[in-house]
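Chain by chain, the residues run as shown.
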Amino acid sequence: LPFDDKSFNAAYMMYTSFGYFEDPADDEKALKEVSRILVPGGLFVLDIGNYQRMMRDFNTKISIVIEGIGLRERYKFDSQRAVVCGVREIKLPDGRKTRHSFSVQPYGKSDIEQKINAAMMNVGKVYGDYKGSAHTPSSQRLILVSRKKE
């Protein structure tokens, strides 16, 4: 990140913006960079989808139309790489289309807590939704609130 060490009091990665690197080691590098730019005691919030629920309720297709804009997504779990692979297609009202592929590393609670701790941050509270409910295996989200070690 293009910031000096200890530049921020807080940082966040919201709504599943984590786990999209090709190499999982890059996820760890990203957390170390967040730690580097936080002041000691600085706050870090990480929000990702709840892997346990995602795998339990795994849906291979999503298709919606909102105000004439079509969104279609197809997913599969690649067990060899342990990633969820997807294709997202968007069709605009004028007929133009965009398409891109992606993969995401589905981290469980203990996996991500270990990675955060390894990046010199301590996980404090863990929530399962944006209302502050406790995290459970059936929660939609995994929201971890951490502080950089002093």
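Everything quoted here is computed from the prediction, not taken from an experiment.

(A) Examining the nonpolar core more closely. Judged by nonpolar contacts, the single largest core of 18 residues is most densely connected at Phe18, Phe44, Leu46 and Ile112. Elements supplying a minimum of two residues to this core: β1 (8-13), α1 (24-37), β2 (38-49), α3 (109-118), β7 (121-127) and β8 (141-148). Per-element accounting of this core gives the leading share, 4 residues, to β2. In this view, Phe44 contacts Ala11, Tyr12, Met13, Leu31, Val34, Leu38, Met121, Leu144, Val145 and Ser146; residues no more than four positions away in its chain are not counted.

(B) Region of interest: the side chain of Arg141. Along the chain, Arg141 falls in strand β8. We classify Arg141 as buried; its relative accessible area is 10%.

(C) Molecular detail of the pairing of β2. Here β1 pairs with β2 via 5 bridges, running parallel. In the strand pairing of β2, Ala11 is matched with Phe44. Where β2 meets β8, 7 bridges bridge the pair, whose relative direction is antiparallel. Its bridge partner lying in β8, Leu46 is registered against Leu144.

(D) Expanded view of the packing of aromatic side chains. This model, assessed by the stated rule, comprises 4 aromatic pairs. Relative to Phe8, the ring of Phe3 has its centre 4.9 Å away and its plane inclined at 85 degrees; by these criteria the two rings are edge-to-face. Judged by centre distance (6.2 Å) and plane angle (75 degrees), the rings of Tyr75 and Phe102 are edge-to-face. Of this pair, Tyr75 sits in strand β4 (residues 69-78) while Phe102 sits in strand β6 (residues 97-104), placing them 27 residues apart in sequence. Given a relative accessible area of 18%, Tyr75 falls into the buried group. A connected cluster of aromatic rings, assembled from ring pairs, spans Tyr20, Tyr75 and Phe102.

Rules and cut-offs
Residues numbered from 1 in each chain as written. Predicted model: local features only at pLDDT ≥ 70, side-chain atom pairs only at ≥ 80, totals over all residues. Heavy atoms only, no water. Core = buried A, V, L, I, M, F, W, Y, C linked by side-chain atoms within 4.5 Å. Buried < 20%, exposed > 50% of the residue type's maximum accessible area, 1.4 Å probe, protein only. Helix = DSSP H or I, 4+ residues; strand = E, 2+ residues; numbered from the N terminus. Contact = heavy atoms within 4.5 Å. Pairing = 2+ DSSP bridges. Phe/Tyr/Trp six-rings, centres within 6.5 Å; stacked < 30°, edge-to-face > 60°.

Any link to function would need more than the numbers given here.
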